[in-house]
Amino acid sequence: MQDRHTARVAIVTGGAQGIGRAIAARLIEDDFEVVIVDLKGSADAAQDLGEHALGHDADVSDAEQVQAMTEAVLARYGRIDVLINNAGIYTSLAKRPFDQIPPNEWRRVFEVNVEGVWHCCRMVAPTMREAKAGVIVNIASAAVAKGNPMLLQYVASKGAVLAMTRVLARELGESGVRVNTVSPGFTLSDGVMATAGQRESQLAGSRDARAMHEDLQPGDIAGAVAYLVRPEARMMTGQNLTVDGGMTMN
Ligand SMILES: NC(=O)c1ccc[n+]([C@@H]2O[C@H](COP(=O)([O-])OP(=O)(O)OC[C@H]3O[C@@H](n4cnc5c(N)ncnc54)[C@H](O)[C@@H]3O)[C@@H](O)[C@H]2O)c1
């Protein structure tokens with residue numbers, strides 16, 4: 001492990017639990033200092049992860065809170081090398097036909113899943129541009145490729161994330177900043193497990209439909225993120241890495 005004045009610094013949004021927490025743990029293993037950003041519980045999660053994690057409560061859909069978080073990270077570490085845009089509304093959503101989605105729910109999903117990514121990217125971009133280096137990984141979903149029914153607001157929001165990655169990669173490429181997407185399939189995160197009782201048929205259906213007839217774990221997603229932030233991925237940008245056990249194939 002390096003000391004915190006020389007180690008690379010990664011921000012992981014939605015890192016208090018689930019896939020984000022697995023990403024945070026993996027990046028710490030890979031010698032990053034990690035800042036966990038979540039609505040609540042980020043300090044506790046950071047404490048569990050040890051001395052190389054710091055928690056900062058913030059709502060990614062609130063530009064002022066994201067700006068304050070970015071300033072706090074820079075004040076402490078003086079650098080931001082990696083941003084993982086993982087925070088998202090998914091596991092709390094009820095499945096509904098597209099014409100029965102409450103407009104407030106649609107707006108909130110877009111505020112968090114789409115605007116939240118935009119706020120985080122625009123707040124860290126000046127630091128990455130100045131450093132002429134940086135890596136952003138946006139967590140989308142394999143549901144975009146599959147077109148999962150009954151979740152139009154969610155699938156549309158993740159489609160936007162996939163598209164944003166491509167534009168951001170082109171706008172930031174000349175500054176040496178890479179931007180990629182990781183698209184998980186149905187993954188046994190904390191949020192999913194909290195409703196596992198209602199999801200057994202979904203879990204079994206997902207296993208059957210995969211080339212690999214197994215459940216996806218948060219660590220499987222973290223492995224793909226860990227690759228994308230490494231220097232050996234230096235020519236990977238604007239790409240989408242799908243981790244779904246071979247349910248969809250491109
Ligand atoms: N689990 C899956 O099957 C699956 C599949 C594809 C994509 N994803 C995506 O992966 C990401 C993580 O999902 P998960 O399954 O680990 O979910 P989860 O519900 O277990 O965790 C999500 C975390 O994001 C945080 N969060 C939500 N809104 C936030 C906000 N406005 N500001 C800051 N933090 C916020 C939550 O508090 C929570 O800690 C999400 O973007 C989700 O859409 C999940």
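Before reading further, recall that the structure is shown in the block above.
Let me begin by describing the structure that accompanies this report. (Residues numbered from 1 in each chain as written. Predicted model: local features only at pLDDT ≥ 70, side-chain atom pairs only at ≥ 80, totals over all residues. Heavy atoms only, no water.)

Neighbouring the ligand are 28 residues; Gln17, Asp38, Tyr154, Thr187 and Ser189 lie closest to it. Between Gln17 and the ligand, the recorded distance is 2.7 Å, taken from a side-chain N or O atom to an oxygen atom. For the ligand, whose free accessible area comes to 830 Å², the fraction covered by protein is 93%. Secondary-structure elements contributing two or more residues to the shell around the ligand are helix H1 (18–29), helix H6 (152–173) and helix H7 (190–193). Ranked by residues supplied to the shell around the ligand, first place goes to H7 with three residues. Residues that form the shell around the ligand fall into these classes: 13 nonpolar, eleven polar and four charged. (Near = heavy atom within 4 Å. Polar contact = N/O pair within 3.5 Å; in protein donor to acceptor, adjacent residues only side chain to side chain. Areas by Shrake-Rupley, 256 points an atom, 1.4 Å probe, with all protein chains shown as cover. Helix = DSSP H or I, 4+ residues; strand = E, 2+ residues; numbered from the N terminus. Nonpolar A, V, L, I, M, F, W, Y, C, P; charged D, E, K, R; others polar.)

Moving on, we get to the packing of aromatic side chains. Taken as a whole and judged by the stated rule, the model has two aromatic pairs. Ring geometry for Trp106 and Phe110: centres 5.2 Å apart, planes at 10 degrees, overall stacked. Placement of the pair is Trp106 and Phe110 together in helix H4 (residues 103–131), with a separation of four residues, close to one helical turn. Sitting over the ring of Trp118, Arg122 keeps its end group 4.2 Å from the ring centre. (Phe/Tyr/Trp six-rings, centres within 6.5 Å; stacked < 30°, edge-to-face > 60°. Lys NZ or Arg CZ within 6 Å of the ring centre and 35° of its normal.)

Looking now at the pairing of strand E1 (residues 9–13). The side chains of a regular strand alternate between the sheet's two faces. For E1, the buried fraction is high: five of the five residues fall into the buried class. Here E1 shows a buried face lined by Val9, Ile11 and Thr13 and a second buried face lined by Ala10 and Val12. Examined bridge by bridge, E1 and strand E2 (residues 33–38) share five bridges and lie parallel to one another. Directly across from Val9, in E2, lies its bridge partner Glu33. Since E1 and E2 lie parallel, the crossover through H1 that links them has a hand, and here it is right-handed. Where E1 meets strand E4 (residues 82–85), three bridges bridge the pair, whose relative direction is parallel. Directly across from Ala10, in E4, lies its bridge partner Val82. (Buried < 20%, exposed > 50% of the residue type's maximum accessible area, 1.4 Å probe, protein only. Pairing = 2+ DSSP bridges. Right-handed = clockwise from strand over helix to strand, strands pointing away.)

Here we have seven strands laid out as an open sheet, ordered E3-E2-E1-E4-E5-E6-E7, and parallel in their pairing. Sheet topology places strand E3 (53–57) and strand E7 (240–243) at the edges, where each strand pairs with a single neighbour. Averaged over neighbouring strand pairs, the angle between their axes works out to 20 degrees when direction is ignored. Of the pairings in the sheet, the one linking strand E5 (residues 134–139) to strand E6 (residues 177–184) comprises six bridges and is parallel in character. Within E6, the position partnered with Asn138 by the bridge is Thr181. Set on the sheet, helix H2 (residues 42–49) makes contact with E2 and E3; between it and E3 the angle comes to about 175 degrees. Across the face of the sheet, helix H9 (residues 218–228) comes into contact with E4, E5, E6 and E7 while running at roughly 165 degrees to E6. (Axes fitted to C-alpha atoms, helices over the stretch in contact; angles between N-to-C directions. Contact = heavy atoms within 4.5 Å.)

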